[in-house]
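The primary structure of each chain is shown beneath.
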Amino acid sequence: SAQLQLAVPVAVVFARGSVPRDLPKALPFRDVQEMEISMNLRSSVTSRYETVYRSTTAREEAALDVATAREADAALHPLQDASLGSLTVYVVPETSPILPQGTSVYVGKHRSALVRAGGSLAALRTRLRQLTQVMSFSASSIAAALSDRVPDRQLGPDARRHLKSSLGYEITFSLLNPDPKSHTVDWDIEDAVNRYVQPVLDKLSLVANFSVDSQILYYAVLGVTPRFDKESSSFLLSAHSLPHVINPVEARLGSSAASLYPVLNFLLYVPERSHSPLYIQDKDGAPVSTNAFHSPRWGGIMVYNVEAPSPQASLPLHVDVDMKRVMEVFLAQLRLLFGLSREELPPEFLLESPGNEGLADWELDRLLWAHTVENIATVSTTLTSLAQLLDKIGNIVIKDDVASEVYQAVASAQSAVAELAAGHLHSAFQASKEAVTSSEKAFFDPSLLHLLYFPDDQKFAIYIPLFLPMAVPILLSLAKIVREARQRKKEPTKMD
């Protein structure tokens, strides 16, 4: 059973004129609040918010003396605790003009938020609780991380959509041109990856290693024939037919077979002239604004329509893909696959857009909290499976290097649990990654593998043909000895 404690260091900083009247003691003071996140009978997860309440410093006060929340967020960033998993909440007076009308909580791009005072400590604590659910983890994000161990009824609808935690991911961008006789399609994928995708991957490089490649596939068609709609004189793909689109295309992609890591596929499909223009419909029959859809744990497909050529135009038509439009869709799908989609927020919350980095610092932390918990659970499952397996194989010899990987995995997992409880998210995540690596090395060690495929009945099948020719004369002579011994007993001894 896993007992996990996730400690979040929080600083609550009161600006001038925002200190609630009912504080229990004079500033600064510390306060710890624990909450149980109930999962199932086997694993209990406790969140522990270790909060320091204090007043602003002169530099923080100056940083808050700006016109907008966005400027304040940028000015406060160098002054706050930058360690992963930590949160800084600046409390501003109820009447402060820095937050827009109707907004009581502003979440910045880094690891801090601005909150209206709200009069009493109880009101402030409610807002703080909502804020930690958004910025670090919630019961649903931890349940999704432990989705393999948690009963389905406790999981939200998105729990199994996210990619499993992995040491690496491979991203493949594919351009599908089923009709090269009609279209020559140019896409500047290299520039687009450098400009739009690389900043996001640089930010995620802490989480895993990424490799990116691209390909153009000709004559690759979708597995479903779209339906012609007379009214709009266009072709339609309905929501229920989308799952059938992927299989035939996947056979052509051919990258996932050779890959060690999960592969994310992003496909740009330029429909053939006979099926243009092609639009995707949602479940209610309305057109999808992005003309794209995503498949959980697999990737996404975007349909890119080309204007119909005039009758006198010469074919093939030259098409230059608008990569900004395409990459906006693919990056949104990438965020969905990593579980970074924005959850439903209370209406008084305002979240700053992360800009061209693609994700805010606190979103990275949110990913690390979930992946660390998932890694610890994975190691525990792997080592338990290994132990059960070795129990079943009686005459197994475990080599020293396998044993040392097992010890290493256990030590790293224990270290990850301890670092989580101490509020050190970065080192906890690193330790959990090392634990996964060691446990997998032990589990897939070649010296254990061949024993798994060598059960007892196979041994008999191999050794009986060798021993049988030797055994026949031995058994015959044994039978002869037994017969003679019986004969001797029957014959009465002669009396002279």
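Residues numbered from 1 in each chain as written. Predicted model: local features only at pLDDT ≥ 70, side-chain atom pairs only at ≥ 80, totals over all residues. Heavy atoms only, no water.

- Under an unreviewed UniProt entry, the name given to the chain is PIGS transamidase, and the source organism is Todus mexicanus.
- As stated in UniProt under Subcellular location (unreviewed entry), the record for the chain gives "Endoplasmic reticulum membrane".
- Under the UniProt heading Sequence similarities (unreviewed entry), the entry covering the chain gives this text: "Belongs to the PIGS family." (UniProt positions renumbered as here; feature names shortened; annotations may be inferred.)

**Let's talk about the sheet that holds strand β2 (residues 29-38)**
Link 1 in the chain: The strand order β2-β3-β1-β4-β6-β5-β17 describes an open sheet built from seven strands, whose pairing is mixed. Either end of the sheet is taken by a strand with one partner, and the two such strands are β2 and β17 (349-351). For this sheet, the mean angle separating the axes of adjacent strands, direction not counted, is 20 degrees.
Link 2 in the chain: Across the sheet, helix α9 (residues 400-421) lies against β1 (3-14) and β3 (44-55), angled at about 30 degrees from β1, the strand it touches most. (Pairing = 2+ DSSP bridges. Helix = DSSP H or I, 4+ residues; strand = E, 2+ residues; numbered from the N terminus. Axes fitted to C-alpha atoms, helices over the stretch in contact; angles between N-to-C directions. Contact = heavy atoms within 4.5 Å.)

**A closer look at the pairing of β1**
Link 1 in the chain: By the criterion of burial, β1 is predominantly enclosed, with nine of the 12 residues buried.
Link 2 in the chain: The sheet contact formed by β1 and β3 spans 12 bridges and is parallel. Looking at β3, one finds that V10 is bridged to T51. (Buried < 20%, exposed > 50% of the residue type's maximum accessible area, 1.4 Å probe, protein only.)

**Details of the sheet that holds strand β13 (residues 278-280)**
Link 1 in the chain: Ordered in space as β10-β11-β13, the three strands form an open sheet in which the pairing is mixed. In this open sheet, the two edge strands, each paired with only one partner strand, are β10 (227-229) and β13. In this sheet, neighbouring strand axes are inclined to one another by 40 degrees on average, regardless of whether the strands run parallel or antiparallel.
Link 2 in the chain: Here three bridges tie strand β11 (residues 234-237) to β13, and the two strands are oriented parallel to one another. Counted as the bridge partner of L236 is Y279 from β13.

**Some words on the nonpolar core**
Link 1 in the chain: Counting residues in each nonpolar core, the largest one holds 89 residues, and the members touching the most others are L131, F173, L204, L268, M327 and F338.
Link 2 in the chain: When sequence neighbours within four positions are dropped, the list of residues in contact with F338 reads L163, Y169, L204, F210, L264 and L367.
Link 3 in the chain: In terms of nonpolar packing, the next biggest core, distinct from the first, is built from 20 residues, L242, V245, L267 and Y269 among them. (Core = buried A, V, L, I, M, F, W, Y, C linked by side-chain atoms within 4.5 Å.)

**Considering empty space enclosed by the protein**
Link 1 in the chain: For the coordinates displayed, the defined rule picks out one cavity of 30 Å³ or more.
Link 2 in the chain: By volume, the largest cavity is sized at about 40 Å³.
Link 3 in the chain: Along its surface, the largest cavity is lined by F173, V197, F266, M327, F330, L331 and L334.
Link 4 in the chain: Of the residues assigned to the lining of the largest cavity, the class counts are seven nonpolar, no polar and no charged. (1 Å grid on protein atoms, 1.4 Å probe; cavity = no way out; pocket = protein on both sides within 12 Å on 5 of 7 lines; lining within 4 Å. Points joined across faces, edges and corners; volume = space filled by probe spheres on them. Nonpolar A, V, L, I, M, F, W, Y, C, P; charged D, E, K, R; others polar.)

**Observations concerning α9**
Link 1 in the chain: With 22 residues, α9 should cover 32 Å at 1.5 Å per step; its first-to-last C-alpha distance of 32 Å lies within 8% of that length.
Link 2 in the chain: The complete set of buried residues in α9 reads V402, E405, A409, S412, A413, A416 and L420. When α9 is viewed along its axis, its buried side chains cluster within an angular range of 100 degrees and face the same direction. α9 presents D400, Y407 and Q414 as exposed residues on the side facing more than 90 degrees away from its buried surface.
Link 3 in the chain: Where α9 ends, the next residue or the one after it, G423, has phi of about 80 degrees, a positive value. (Expected span 1.5 Å × (residues − 1). Arc of directions from axis to C-beta.)

**So, the domain arrangement of the chain**
Link 1 in the chain: Looking at the chain, the domain boundaries give domain 1 (4-146 + 343-351), domain 2 (168-338), domain 3 (364-452) and domain 4 (454-495).
Link 2 in the chain: Using only C-alpha atoms to locate each centre, domain 3 and domain 4 end up separated by 52 Å. (Domains from an automatic or database assignment.)

**Structural notes on the environment of S55**
Link 1 in the chain: Looking at the secondary structure, you find S55 in strand β3.
Link 2 in the chain: According to the relative accessible area criterion, S55 is partly exposed, its value standing at 40%.
Link 3 in the chain: In the structure, S55 is positioned 66 residues away from L121 in sequence and 15 Å away in space, judged by C-alpha atoms.
Link 4 in the chain: Setting aside residues no more than four positions away along its own chain, S55 makes contact with V13, F14, L27 and E60.

**Here's the deal with a negative patch on the surface**
Link 1 in the chain: Taken together, the side chains of D186, D188, E190 and D320 make up a negatively charged region of the molecular surface.
Link 2 in the chain: Of note, D188 is situated in the loop between β8 (183-186) and α5 (189-204).
Link 3 in the chain: When its relative accessible area of 48% is taken as the criterion, D188 is described as partly exposed. (Patch = residues over 30% accessible without salt bridge, like charges linked within 9 Å, V, L, I, M, F, W, Y side chains within 5 Å. Areas by Shrake-Rupley, 256 points an atom, 1.4 Å probe, with all protein chains shown as cover. Salt bridge = Lys/Arg side-chain N within 4 Å of Asp/Glu carboxyl O. Lys, Arg positive; Asp, Glu negative; His and termini not counted. Charge placed at Lys NZ, Arg CZ, Asp CG, Glu CD.)

**Looking at the packing of α5 against helix α7 (residues 323-337)**
Link 1 in the chain: For the pair α5 and α7, interaxial distance at closest approach is 10 Å and the crossing angle is 35 degrees. For the pair α5 and α7, the sense of crossing is right-handed. Only M323, K324, M327, L331 and L334 of α7 make contact with α5, whose side of the interface consists of I189, A192, V193, Y196, V197 and V200.
Link 2 in the chain: Among the residues forming the contact of α5 with α7, the class breakdown is 10 nonpolar, no polar and one charged. (Left-handed = near helix turned anticlockwise from the far one by under 90°.)

**Concerning the packing of aromatic side chains**
Two descriptors summarise a pair of aromatic rings, namely the distance from one centre to the other and the angle between the planes of the rings.
Link 1 in the chain: Considering all chains together, one arrives at 13 aromatic pairs under this definition.
Link 2 in the chain: Ring plane angle 80 degrees and centroid distance 5.1 Å describe the contact between Y169 and F338, whose orientation is recorded as edge-to-face. A residue pair is termed long-range when its members are at least 10 positions apart, and Y169 in strand β7 (residues 168-177) and F338 in the loop between α7 and β17 qualify at 169 residues.
Link 3 in the chain: Relative to F330, the ring of F173 lies with its centre 5.9 Å away and its plane at 40 degrees, an arrangement referred to as tilted. (Phe/Tyr/Trp six-rings, centres within 6.5 Å; stacked < 30°, edge-to-face > 60°.)

**Notes on unusual backbone geometry**
Link 1 in the chain: The omega angle of the peptide bond from L27 to P28 is -10 degrees, so this bond is cis rather than trans.
Link 2 in the chain: Relative to the elements of secondary structure, P28 occurs in the loop between β1 and β2.
Link 3 in the chain: In the segment running from S276 into P277, the intervening peptide bond is cis, with an omega of -15 degrees.
Link 4 in the chain: Positionally, P277 belongs in the loop between β12 (263-269) and β13.
Link 5 in the chain: The phi dihedral of Y219 falls on the positive side, at around 60 degrees, and the residue is not glycine.
Link 6 in the chain: By the secondary structure assignment, Y219 is in the loop between β9 (209-218) and β10.

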